[in-house]
Each structure stands twice: as structure tokens, then as C-alpha cells.
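In case you want the letters, here they are:
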Amino acid sequence: MEINVHPHWKLCFQGPHELYFKNLSKQKKQVMEKNGNNRKLRVCVATCNRADYSKLAPIMFGIKMEPEFFELDVVVLGSHLIDDYGNTYRMIEQDDFDINTRLHTIVRGEDEAAMVESVGLALVKLPDVLNRLKPDIMIVHGDRFDALALATSAALMNIRILHIEGGEVSGTIDDSIRHAITKLAHYHVCCTRSAEQHLISMCEDHDRILLAGCPSYDKLLSAKNKDYMSIIRMWLGDDVKSKDYIVALQHPVTTDIKHSIKMFELTLDALISFNKRTLVLFPNIDAGSKEMVRVMRKKGIEHHPNFRAVKHVPFDQFIQLVAHAGCMIGNSSCGVREVGAFGTPVINLGTRQIGRETGENVLHVRDADTQDKILQALHLQFGKQYPCSKIYGDGNAVPRILKFLKSIDLQEPLQKKFCFPPVKENISQDIDHILETLSALAVDLGGTNLRVAIVSMKGEIVKKYTQFNPKTYEERINLILQMCVEAAAEAVKLNCRILGVGISTGGRVNPREGIVLHSTKLIQEWNSVDLRTPLSDTLHLPVWVDNDGNCAALAERKFGQGKGLENFVTLITGTGIGGGIIHQHELIHGSSFCAAELGHLVVSLDGPDCSCGSHGCIEAYASGMALQREAKKLHDEDLLLVEGMSVPKDEAVSAVHLIQAAKLGNVKAQSILRTAGTALGLGVVNILHTINPSLVILSGVLASHYIHIVKDVIRQQALSSVQDVDVVVSDLVDPALLGAASMVLDYTTRRIC
């Protein structure tokens, strides 16, 4: 299997990061030595059915490809070993995996009691297997009752558990089983940002959660088969064309079996009436499946000319079938997860997947009393083509999971720690907490200077370090690491406990990944830069990264005039113009992390050129660079200096000189400042009309010079309904550093470990 590495991963292997990766290799070697004389990590992967194998197989291939790090044991149980469900263990053998153990754990009956008895039978058989294999870690997938037995056995036998796809929300008993496994698991691999947040809300340790994406997407997004028509013909007949057939996959809902069988009956009636060739897969082994098979046979589906009923389709072929189908219908998680990768229309029936995140290709039919509603859905969806959705992954889950596995230190205590939110004011009785000041390392990457500070919980800057910001990437990243290491060492002497690192930097930032996507012209060689990984691995601390405007807003929210407010906007007036938006107490990043680029609001169609390539932006009028430009023009024309003012020959003319001239009565300088303040004021009016915040905070060195002009513009230009919104000057001295620190302090103190 070919694993395509994401560009951000490839970036890590380029020249400037060589030193970092040498250190990482050294750390991995140290972890392996701790784990016992360089021995490999013994990983047991247990698979119960065709669905979970499609998610586990890419991980198994990845583990198999790195024999220097891992030993793989494969345990097969559940419906894999039942003829009625296709004897799907054979596809594991076809993939050239050695099956160490086969466990017959299914008690037939396909009802609630049989499910319970199957869990019990698995619990009886698994201890002998685990005693024999002695794995370091067991990988368990999903939310099936078989998986619950696996997780329970491993937890009670002190075997570490890595749970795949925890934190998701669907419907039926699966939710309860999935969350129960989460509580038993020591490590978590989740597929979506929402799932990650759910795990944190469930008090799981964030350091043991990996947001990797769904492993099956690694295969889906690289699946290319020019001969897909032969697969379609093999399963549906020689006369079937691409996009002219339906794939149906429906399972019983164990919490409402009777209703789910009725829904299945209506689905088959609708498919018969719709009169398109349809591939129907048999349901899974949950309670109610036997009744669903009876419904299929009662309606003659297995002998109907328009239907092909099958127990199992190999995953590689199933991918091609759903990718080229006119529609998929049913209640399988595959419909709302994997099929979105191809933009194939999906009709999701009933409540089994009611809480899942879905792409726009999914049409929900929550309930139906007759076949008409389902038939109407078929007419609406069949033959459409939707944009491909990557909600559940980007095709690079496996490399992340393997890296996560390699980082596991078997010498760490096995006992889980839950991260409960504080019930009352956090007054710790741990002597280390009492004696230490909880703090953050804050980093501010400016156009001129690079600053690192130790910031206390109260927003006090305990110590600050300043260096000139180097011009090259390699020098800059090395200096950041050096300054942070020195500051962390100094923090120990100052009795400060560093909880994490927050970084404020210019440019567009992906805070989820800790990557600077592209920077301002003031900071060179600073595009597609992963800041989180080298700092986190060097300091062994969590790292947060965000744009400097956003950090200013976060600083106001925690320490400044935005504290306690639900909605406000911060505008930074400095070398450039930036900002941040707080809405419903949360920072707004936007769909492409470009929200709050307030300096590039256009206030004049024929205004001066801006550094962004446009013209007439606020930044082109009101930034320090814009004022410096105008000051130089006046100076060149001998119109800047007035009585009581001079500029030394070795000193560059700047915005400071323009402001000084205006204060001393220079009419032209005053006019330039008034124009700049008016441009900023018009931008604020646009913000008031668009966002309607309860407060606007002007921050930065120029804020006090603009405040009165901005208020005048609001009185003259704004709608009466927003003229009462207050505009104030920030009273924070270092908003970028304080905002960077607040990312750490807000997050780490939400839960006490």
C-alpha cells in the first residue's frame, strides 16, 4: 500500500529541520531504551468484522512496513468467522497478514440476548490469548459489542489500549459502547475536530489524543482504478453503467429493532418501485439482523432481476462501487463517512447515524411511514455529483498514527489520569503547585524583534528576553528554540511552572496544526512553517500558535477591557494594521484562517497602494509604514520640520517624527494624521455595521493618536443603532505576549490533571 505524505509532513524532512529530526530520532531511541533494551513495540490488532477491518488494515500495513519498530499480532474474532457473513477473515489472509489467533465468539440468535452472550464468550476466551501474546498495546476500533469485550479484557489485564474513532456521536447503543471504550482506553486516535473536543469534554488527557483523520481515507483518497467498470459488471451485471445503479446497506437499530425492520421493508419497496439495478449488502450481526434477512427473502430480493444481494464485498472493490454509484442508501456509517470522499449522493435512513458529521452529499430521512418519502429522496439524490468531502480525513492518518505509537513510553504509569474541570476555585494542596507560580512561555515574532517572556497566570510578565529577529528561517527557528530553552531553565530558578508555549506571529496561521501558512513581507522565509512540532519536541510542552491580531484579542479577553464580554473587536495599530474578533466568547478564525484581516478592509477605491497588492486599504493609510511613507515625502520637500524639531542625519525619518510635527503645529502633518484616522474610523464603521460588537478596542502605539478622530467618524457616518458602541484604547502594554500566554493559560487551566 502506498502512503502519500501530506505536504506539511514532507516539510519536516527538509534541510532546516534536519537538526530537529536528529533530536527526535535521539528521543525515540531513548524511549526505546526505556522500553527495554531497544526491543520493538509489540502491537496487537484485533478485528471483529468487515467494517472495522477497512479502518484497521491501513494501520496494519503501516506497522508491517516498519519491522524495525514494531511486531504485529493479529487476532480475528466476531462475524469474520461466520459463513453467513462471508467468512471475511479470508480477506485478511489475502492481504498477507498472519492471523495469530482465531476466536469464535458469536452466539447465534441475532437478538439482544445473543449480543450479551457473545460479549461474555469473548471475555472468557480472550485472557488466554492475551496472556500468550503479551502485547504492549492493543488497537481497538469503534463501537461494536465485540470491541467492548476486547477493551474490557485488555484494561483488566493491564494492557495499554489505543482506541480508533473515539469521541464521535451517532445513534443507538453504539454511542454508549464507543464512550465506554473511551473510558477504558489509554490513547485515542480521532477523526474530526469535533470528536477531539468531545474526548476532551469527557475528561480524557489531551496529550494522549491524536487528531489523525480516518485511516480508511488513506486508501480512499489514493484509490485509482481505471478498470472500475469490470468491478461494476462483476457485481451488478454486464449491462450496468457507471452512475446508473444503487448501493444499499442497512443495519438494525438495536434500541428500536421493530421500527428499523419496518424502515428496511419500506426501503426495499421504494427501491423496487424506483426500478434501478441495486447491490444490496446483508446487514451486520446485531440484534434484528435475522428479521431483516427474512424481509429480504419475503420480498424475493435475492431472485429479483434488479437486485444483487451479497454478504460481503472486498473493501478495494467496495470503494470503486460506491465511488461510481448513482446513489447509496441505508444507515451504515460508511455512507456518511467514507462515501463523502467521492461526492456520491447518500440517503441516510433513520436514527442510527443521527449525530454524525456529514458532507452536503447526505440527505437524511429520519422517519417514514410509507415508501413515498424514501422514493422521493431517491428521485432527489440519484445521479447527482457533489463536491468531495474530507471531513473525516486528508489521506495521511497512518503516518500520524505510527508516529504516535512510536512516542508511547512504556515506562510511564499505566493508570489513566482523567482531566476533570474544576468544580470550585482551583486551590491545590500539592506542595509543588503551592510553591510554584503557574506560568506560560510567550513568544512574539515581530518584524524587527523576537521576544520571549515568562507570563504568570495574572498576566504579569515575570521576565522578558528580546533579540533582533533574524532574516533567515534557519537562524530564526534556532534562535526561538534557544531563547525558549533558556527561558524555561530560568523559569525553574524563578519558581515558575511552565504549562506550555504560546506563539504570536504575523501572517496567516493555521492554529489547529500550529503552522504559519504564509507571513507578512516583514518576516522573510516564513511560509508553510511548522512551529508546533520542533518546540513541543524540544521542550516537551504543548504549543499553541496564532496570528498576532488574534493574540491581541485573546489578551483583551483574558486580561484587558474585553474580559467578560461576549462580543468585541480588537484593532491593532502598529507597523501594520491587524485585529481579532471575539464572538460569543470565542475567537473567530474563518474557514481559511483569514478572518479579522481588518487592516485590509478597503475604505477608498482610489487610495494608496497597500503591501497586500491592493489599494485603498486601512493599512495603506493608517499603519506605521503608511505614516512613515508620508513623513518621508514631507521631509524630502522640506515640509516636515518645524521650530523646535530636528532629525539627526543618521536617523531614518519615521511615523514618530510625523506625530511630533503634528503636535508642534505642522498643518500638513496634522492633515495626514486626520486622513489616517478617518480611514481607520471608516473601517470601524464597517466593522460595526457587519459584526455589531459591543466594544471596539484600539491597541498598539498609534491607538491614542487615532481614538478621537475614529469617534468623530462614527458619529458622522455610522447608523444610529451602533453609534452608542464604545471605542476605547487598550490599557495592555504587551498584547501580543499576553495573548500568546493566554492561549496556554486558558486551555491548560480548563482542566486540572
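Within each chain, residue numbers correspond to sequence positions counted from 1 in written order. Note on the predicted model: pLDDT of at least 70 is required for a residue's local features to be given, and 80 or more for side-chain atom pairs to be given and counted; whole-chain, interface and lining totals, by contrast, use all residues. Values reported for side chains reflect all heavy atoms of the structure, with hydrogen atoms and water molecules removed beforehand.

**Side note on helix α10 (residues 228–236)**
Exposure is judged per residue with a 1.4 Å probe applied to protein chains only, and the accessible area is read against the type maximum: over 50% gives exposed, under 20% gives buried, and values in between give partly exposed. Strands here are runs of E lasting at least two residues and helices are runs of H or I lasting at least four, both read from the DSSP assignment and numbered beginning at the N terminus. Within the span of α10, buried status applies to Met229, Ile231, Ile232, Trp235 and Leu236. Angularly, the buried residues of α10 cover 155° about the axis, an arc narrow enough to put them on a single face. The contact criterion used is simple: two residues touch if any of their non-hydrogen atoms lie within 4.5 Å. The inward-facing, buried residues of α10 abut β8 (245–249), β9 (277–281), β10 (307–310) and α13 (315–323). Of the residues one or two after α10, Gly237 is the one with positive phi, at around 115°. To obtain the arc, one takes the directions from the helix axis to the C-beta atoms.

**Some thoughts on the sheet that holds β8**
Within the open sheet, the six strands sit side by side as β10-β9-β8-β11-β12-β13. Their pairing is parallel. Each end of this open sheet is capped by a strand with a single partner; those strands are β10 and β13 (362–365). With direction set aside, neighbouring strand axes in the sheet form an average angle of 20°. Bridging between β9 and β10 involves four bridges; their strand directions are parallel. Any two strands with at least two DSSP bridges between them are considered paired. For helices, the fitted axis covers only the stretch in contact; all axes are lines through C-alpha atoms, and the angles between them, taken along N-to-C directions, range from 0 to 180 degrees.

**With respect to the nonpolar core**
Note that soluble globular proteins tend to have their nonpolar side chains buried in a common cluster. Membership of the largest hydrophobic core comes to 61 residues, with the highest contact counts inside it found for Met138, Leu150, Ile246, Ile329, Ile347, Ile374 and Leu378. Counting residues per element, this core draws most heavily on helix α11 (residues 257–274), at nine residues. Sequence-distant contacts of Ile374, defined by excluding residues within four places in its chain, comprise Met263, Leu266, Thr267, Ala270, Ile329, Leu349, Val365 and Ala368. As used here, the term nonpolar core means buried Ala, Val, Leu, Ile, Met, Phe, Trp, Tyr and Cys residues forming a set that is joined through side-chain atoms within 4.5 Å. Ala622, Leu634, Ile707 and Ile714 belong to the second largest nonpolar core, which has 43 residues in total.

**What to know about the packing of helix α22 (residues 624–636) against helix α24 (residues 667–691)**
Contact geometry of α22 with α24 gives a least axis separation of 11 Å together with a crossing angle of 160°. Classed by the angle they form, the pair α22 and α24 counts as roughly antiparallel. Here α22 runs over α24; the crossing is right-handed. Of α24, the residues touching α22 (which contributes Leu627, Glu630 and Leu634) are Lys668, Ala669, Ile672, Leu673 and Ala676. Note on residue classes: Ala, Val, Leu, Ile, Met, Phe, Trp, Tyr, Cys and Pro are nonpolar, Asp, Glu, Lys and Arg are charged, and everything else, Gly too, is polar. Of the residues belonging to the contact of α22 with α24, the class tally is six nonpolar, no polar and two charged. Relative orientations are named as follows: roughly parallel for angles under 35 degrees, roughly antiparallel for angles over 145 degrees, roughly perpendicular for angles from 65 to 115 degrees, and oblique for any other angle. Handedness of a helix crossing follows the sense of rotation of the near helix relative to the far helix, less than a right angle counterclockwise being left-handed and clockwise being right-handed.

**Remarks on the packing of aromatic side chains**
We call Phe, Tyr and Trp rings a pair once their centres come within 6.5 Å, taking the six-membered ring for Trp, and we label the pair stacked below 30 degrees between planes, edge-to-face above 60, and tilted otherwise. Evaluated as defined, the whole model comprises seven aromatic pairs. Judged by centre distance (6.2 Å) and plane angle (85°), the ring pair of Tyr187 and Phe404 falls under edge-to-face. With Tyr187 in strand β6 (residues 187–190) and Phe404 in helix α16 (residues 397–406), this residue pair connects regions lying 217 residues apart in the sequence. Judged by its relative accessible area of 11%, Phe404 is buried. When the ring centre of Phe97 is taken as origin, the NZ or CZ atom of Lys64, which lies over that ring, is 5.1 Å away. For a Lys NZ or an Arg CZ to count as sitting over a ring, it must be within 6 Å of the ring centre and within 35 degrees of the ring normal. Over the ring of Trp526 we find Arg476; its NZ or CZ atom is 4.7 Å from the centre of that ring.

**Describing the state of the cysteines**
Count a disulfide wherever a pair of cysteine sulfur atoms falls within 2.5 Å. Here the structure, examined in full by the defined rule, presents zero disulfides. With no disulfide of its own, Cys48 lies 11 Å from the sulfur of Cys44, the closest cysteine sulfur. This cysteine, Cys617, is not joined by any disulfide, and Cys612 carries the nearest cysteine sulfur, 3.8 Å off.

**Description of the confidence of the model for the protein**
Confidence in the prediction for the protein averages 88 pLDDT; 92% of positions are at 70 or higher. pLDDT expresses how confident the predictor is about each individual residue, on a scale running from 0 to 100. Highest mean pLDDT in the protein belongs to strand β5 (residues 160–164) (97); lowest belongs to helix α1 (residues 7–11) (34). Long-range and interchain partners of residues 1–28, a stretch whose pLDDT sits below 50, account for 43 contacts in this model, where long-range means more than four residues apart. Counted against residues more than four places away or in other chains, residues 425–429, with its pLDDT under 50, gives four contacts.

**A closer look at unusual backbone geometry**
One non-glycine residue, Asn158, lies in the positive phi region at around 60°. Tracing the sequence through the fold places Asn158 in the loop between α6 (145–156) and β5. Taking the relative accessible area as the measure of exposure, Asn158 reaches 56% and is therefore exposed. The phi angle at Asn495 is positive, at roughly 65°, despite the residue not being glycine. Tracing the backbone through its elements, the reader meets Asn495 in the loop between α18 (473–493) and β17 (496–505).

**What about the pattern of salt bridges?**
A side-chain nitrogen of Lys or Arg and a carboxyl oxygen of Asp or Glu constitute a salt bridge if their distance falls within 4 Å. For the structure shown, the criterion picks out 37 salt bridges. The shortest N-O distance in the salt bridge between Lys406 and Glu66 comes to 2.6 Å. With Lys406 in helix α16 and Glu66 in the loop between α3 (50–64) and β2 (70–77), the pair connects residues that are 340 residues apart, well separated along the chain. A salt bridge links Glu165 to Arg337; its shortest N-O distance comes to 2.7 Å. Taken together, the residues span a long stretch of sequence, with Glu165 in the loop between β5 and α7 (172–184) and Arg337 in the loop between α14 (333–336) and β12 (346–349) at a distance of 172 residues.

**Looking at the side chain of Ser289**
Structurally, Ser289 can be placed in helix α12 (residues 289–298). In this structure Ser289 comes out as buried when scored by relative accessible area, which is 1%. Side-chain polar atoms of Ser289 contact the backbone oxygen of Asn284, separated by 3.3 Å. Under this definition, polar contacts are N or O atom pairs within 3.5 Å; protein pairs additionally need one hydrogen-donor-capable and one acceptor-capable atom, and for neighbouring residues in sequence, both atoms have to be side-chain atoms.

**What to know about the sheet that holds strand β21 (residues 543–547)**
A sheet is described by the order of its strands in space; here five strands give the open sequence β16-β15-β14-β17-β21, paired in mixed fashion. Strand pairing shows two members of the sheet lacking a second neighbour, β16 (461–468) and β21, which therefore form its edges. Across the sheet, the mean angle from the axis of one strand to that of its neighbour is 20°, orientation sign disregarded. Two strands pair when backbone bridges link them, and strand β14 (residues 437–445) and strand β15 (residues 449–456) are joined in this way by seven bridges, in the antiparallel orientation. Bridging from a neighbouring strand, Asp444 pairs with Arg451 of β15. In the packing of α18 onto the sheet, contacts are made with β14, β15, β16 and β17, and the angle to β16 comes to roughly 155°. Running at roughly 105° to β21, helix α20 (residues 548–559) makes contact with β17 and β21 of the sheet.

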